[in-house]
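Chain residues, written in single-letter form:
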Amino acid sequence: MKKFLALMLALVLTLGCFAACKTEKKTGGKQKQDEASAQQNEQQPDPEPEPAPEPEPAPEPEPVDAYAQIVAAMEKNQNSKSMHVDLEMDLAYTISIPDAGFEQPYSVKTEMNMDVDNVRNMAKGTMKIGMSGQTVDAIVYSETIGDKYCSYASVDNGKTWEFTTQNTGDYSNMYDPADLMKNYKENLKEAAIIGIGSVNGRKTTVFSGVLKGECVLFMAGSVAGLADYSKSDMETIMKEIDDILFEAEVDDGTGYLVRFKADMGDAMTTFMKKLMEEELKKNGLTFSVEISGAEVLAEVFYSQFDEIGEITIPAEAKAAGN
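The shown structure was predicted, so the numbers you read here are calculated from the model rather than taken from an experiment. (Residues numbered from 1 in each chain as written. Predicted model: local features only at pLDDT ≥ 70, side-chain atom pairs only at ≥ 80, totals over all residues. Heavy atoms only, no water.)

## Some words on the packing of aromatic side chains
Right, on to step 1. Taken as a whole and judged by the stated rule, the model has five aromatic pairs.
Right, on to step 2. Ring centres of F246 and F260 lie 5.0 Å apart, and the angle between their planes is 20°; on these two criteria the pair is classed as stacked. Within this pair, whereas F246 is found in strand 9 (residues 244–251), its partner F260 is found in strand 10 (residues 257–263), the two being separated by 14 residues in sequence. Residue F246 shares its accessibility class with F260, and that shared class is buried.
Right, on to step 3. Sitting over the ring of Y256, K76 keeps its end group 4.8 Å from the ring centre. (Phe/Tyr/Trp six-rings, centres within 6.5 Å; stacked < 30°, edge-to-face > 60°. Helix = DSSP H or I, 4+ residues; strand = E, 2+ residues; numbered from the N terminus. Buried < 20%, exposed > 50% of the residue type's maximum accessible area, 1.4 Å probe, protein only. Lys NZ or Arg CZ within 6 Å of the ring centre and 35° of its normal.)

## Side note on unusual backbone geometry
Right, on to step 1. Positioned with a positive phi, Q304 is a non-glycine residue whose angle comes to about 50°.
Right, on to step 2. Structurally, the position occupied by Q304 is in the loop between strand 11 (290–303) and helix 7 (315–320).
Right, on to step 3. According to the relative accessible area criterion, Q304 is partly exposed, its value standing at 36%.
Right, on to step 4. The residue D306 is not glycine, and still its phi comes out positive at about 60°.
Right, on to step 5. With respect to the helices and strands, D306 occurs in the loop between strand 11 and helix 7.

## Considering the sheet that holds strand 5 (residues 148–154)
Right, on to step 1. The 11 strands are arranged 6-5-4-3-2-1-11-10-9-8-7 in an open sheet whose pairing can be described as antiparallel. Strands at the two margins of the open sheet, each flanked by one partner only, are strand 6 (162–167) and strand 7 (188–199). Each strand axis lies, on average, 15° off the axis of its neighbour in the sheet, ignoring direction.
Right, on to step 2. One ladder, built from seven bridges, connects strand 4 (residues 134–145) with strand 5; its direction is antiparallel. (Pairing = 2+ DSSP bridges. Axes fitted to C-alpha atoms, helices over the stretch in contact; angles between N-to-C directions.)

See the structure below:
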């Protein structure tokens, strides 16, 4: 580069010297004619300068489609070979049945750390559930076999295992992160970009938006007794569920969704009320159920895309399903 600049500078100087030499060779009558022409030009006023052209307006930037961006990020997560998921969910509410003189506050905190194999539809992880002053630590595995979603859980460090199954077409399961992501995407109503953020030291774009209340169905797999409900029963219960507000962050460099936080207090209030009233009806009771003070926050972090090794379910866990 330095040699190129030096060559260009030498060329400019050479051309300048050549032009000066040409000027010095003008002599005689030609020189006098030039002097007279110069004097005439001095007597004439300088011409008015032409106005500078108006600058063309800069093109307006294309509007950002926040909805399309966040859906694309969700799809990228789904299409990854594997990923790691960290989930925290806090529930606090009070259940009242005035006609039966019943009132009981509940508080549940769930923490989950899970590796997910999206190709083989398998997952493994640990869970910690705190409720009513007690804490349960669990090891969990899951897999999809045909049209069945199968899960294996142990609360005694692998000594004994509990096996549960449900039809994959019935309702989603919050403990299947790939299914959870699919549920988010299908129930997304709107989205907007609200700023910039950072997750694990990487710059992110922060979104806010709204999910349809049906998204609460991903809780279905964790609620005892829901296996007795058909999909049509659940759809009837879900018709009045309120919308869910969410905040999400997408990694600017990779395009992956790396954080998702949802406030489901209103939605879960309606969901639990309808669900408990249906349960009472099954037992011949028509009591009205009241849910008050519900606070339900779920926050999920996604990481380690395409980095998870092969997942193997222990033979002892598999034996529980036979």
